[in-house]
Amino acid sequence: MRAVSILFIALGLGLSPLLAEEGDGEEPDGKVEDANADPKVSPVDREKAKELLKGLDDAVAAKEENAIVAALEPLITASHEDFIKKLGALANHRFLSVRVSAVKALGSQEPMKKVAPILIALLKAKQIESFPPALAMCVSSLRRLGCDSKPAFDEIRSLFVKPAAIDVMREIVRYFRDLKRLDCVSLLVAWVEQPQPASVNSGSNPPESYWKAMWEIWSGIRLEVRDALRTLTGKEFETQKVWREWIDSPEARKLGVK
């Protein structure tokens with residue numbers, strides 16, 4: 001195990017900026033700003049909706065990326081059914097920042113039965129799948145909508161199992177937590193400890209690049225994983241072994257934990 005320990009120490013040194021970021025977000029007065037806080041959304045009337053859509057149409061016609069993103073910003077905190085079709089179209093826009101903003105705004109709209117199918121289709125779309133920020137925002141928007149339909153959940157679960165990029169994985173952890181998916185506790189437990197080979201000397205071990213990528217994901221989601229497990233189960237264990245023993249207990253089975 002010494003070789004593996006040296007490897008992870010080296011990786012840890014190389015990834016120190018990632019770990020340092022965990023303390024960011026504190027304001028001068030001592031308050032901690034939550035950069036990941038969900039937007040506060042309010043419905044708007046038809047006249048206001050027409051005004052916002054006019055501004056958006058003008059920006060799209062001008063083909064200026066920053067202008068389109070700026071015009072989308074009010075739709076992130078405002079909801080109206082008339083926004084849905086336009087936002088769905090912009091979620092496939094050639095400008096990547098426009099895609100992310102449009103997907104985020106979709107998560108603010110209702111009714112869910114009209115919005116969710118668009119987001120689920122986007123989860124599977126090649127142009128979104130190849131761009132992690134937009135994919136992560138799809139998961140975030142489905143979480144905000146409270147959508148845990150089978151098509152949505154199955155796709156999100158498959159992304160977590162692959163696994164996906166760090167920002168996508170982080171959003172999926174939040175999705176499992178907020179939608180109270182007790183059937184995903186075992187999936188979360190797999191990320192409680194840093195990834196490492198079961199047998200250091202096994203010839204079937206993946207290459208070092210694989211373990212580096214896995215370590216980076218673990219480093220990026222480990223705090224969210226522990227928070228999600230604590231929220232879902234009320235428990236805090238340090239090792240996978242203890243977690244798995246608890247999952248097999250009558251208490252966990254009674255809760256519906258899997």
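Caption draft 1: Spotlight on the packing of helix α3 (residues 46–62) against helix α4 (residues 65–76). One way to put it is that α3 packs onto α4 with a least axis distance of 8 Å and a crossing angle of 165°. Between α3 and α4, the crossing angle belongs to the class labelled roughly antiparallel. For the pair α3 and α4, the crossing hand works out as left-handed. Along its contact with α3, which presents L52, G55, L56, A59 and V60, the element α4 presents A67, I68, A71, L72, P74 and L75. Class assignment for the residues of the contact of α3 with α4 results in 10 nonpolar, one polar and no charged.

Caption draft 2: Examining the packing of aromatic side chains more closely. Scanning all chains against the criterion turns up eight aromatic pairs. Considering the side-chain rings of Y210 and W211, the 5.0 Å spacing of their centres and the 80° angle between planes classify their relative orientation as edge-to-face. Residue Y210 is classed as partly exposed on the basis of its relative accessible area of 34%. In this structure, R181 is placed above the aromatic ring of F153, and the distance from its NZ or CZ to the ring centre is 3.7 Å.

Caption draft 3: Representation of the nonpolar core within the structure. Core analysis: the largest hydrophobic core is formed by 75 residues, its most contacted members being L119, L142, F160, Y175, F176, L188 and W191. For L119, the residues in contact, after removing those within four places along its chain, are V103, L106, C138, S141, L142 and L145.

Caption draft 4: Examining the pattern of salt bridges more closely. Applying the stated criterion to the full structure yields 21 salt bridges. Salt-bridge contacts for R174 lead to E171; the nearest nitrogen and oxygen are separated by 2.9 Å. Here E171 and R174 lie together in helix α11 (residues 166–178), a separation of three residues that amounts to about one turn. Across the pair, E171 and R174 agree in class, each one buried. Across the pair R230 and E236 runs a salt bridge, and its minimum N-O distance is 3.3 Å. Judged by its relative accessible area of 34%, R230 is partly exposed. Classification of E236 by relative accessible area gives exposed; the value is 58%.

Caption draft 5: Fine view of helix α10 (residues 150–161). Across its 12 residues, α10 extends 16 Å between first and last C-alpha, which sits within 8% of the 16 Å expected from 1.5 Å per residue. When we look at burial in α10, the residues that qualify are A152, F153, E155, I156, L159 and F160. Axial view of α10: buried residues confined to an arc of 165°, hence all on one face. The inward-facing, buried residues of α10 contact α7 (112–124), α9 (132–145), α11 and α12 (185–189).

Reading the values: the criteria
- Residues numbered from 1 in each chain as written.
- Predicted model: local features only at pLDDT ≥ 70, side-chain atom pairs only at ≥ 80, totals over all residues.
- Heavy atoms only, no water.
- Axes fitted to C-alpha atoms, helices over the stretch in contact; angles between N-to-C directions.
- Helix = DSSP H or I, 4+ residues; strand = E, 2+ residues; numbered from the N terminus.
- Parallel < 35°, antiparallel > 145°, perpendicular 65-115°, else oblique.
- Left-handed = near helix turned anticlockwise from the far one by under 90°.
- Contact = heavy atoms within 4.5 Å.
- Nonpolar A, V, L, I, M, F, W, Y, C, P; charged D, E, K, R; others polar.
- Phe/Tyr/Trp six-rings, centres within 6.5 Å; stacked < 30°, edge-to-face > 60°.
- Buried < 20%, exposed > 50% of the residue type's maximum accessible area, 1.4 Å probe, protein only.
- Lys NZ or Arg CZ within 6 Å of the ring centre and 35° of its normal.
- Core = buried A, V, L, I, M, F, W, Y, C linked by side-chain atoms within 4.5 Å.
- Salt bridge = Lys/Arg side-chain N within 4 Å of Asp/Glu carboxyl O.
- Expected span 1.5 Å × (residues − 1).
- Arc of directions from axis to C-beta.

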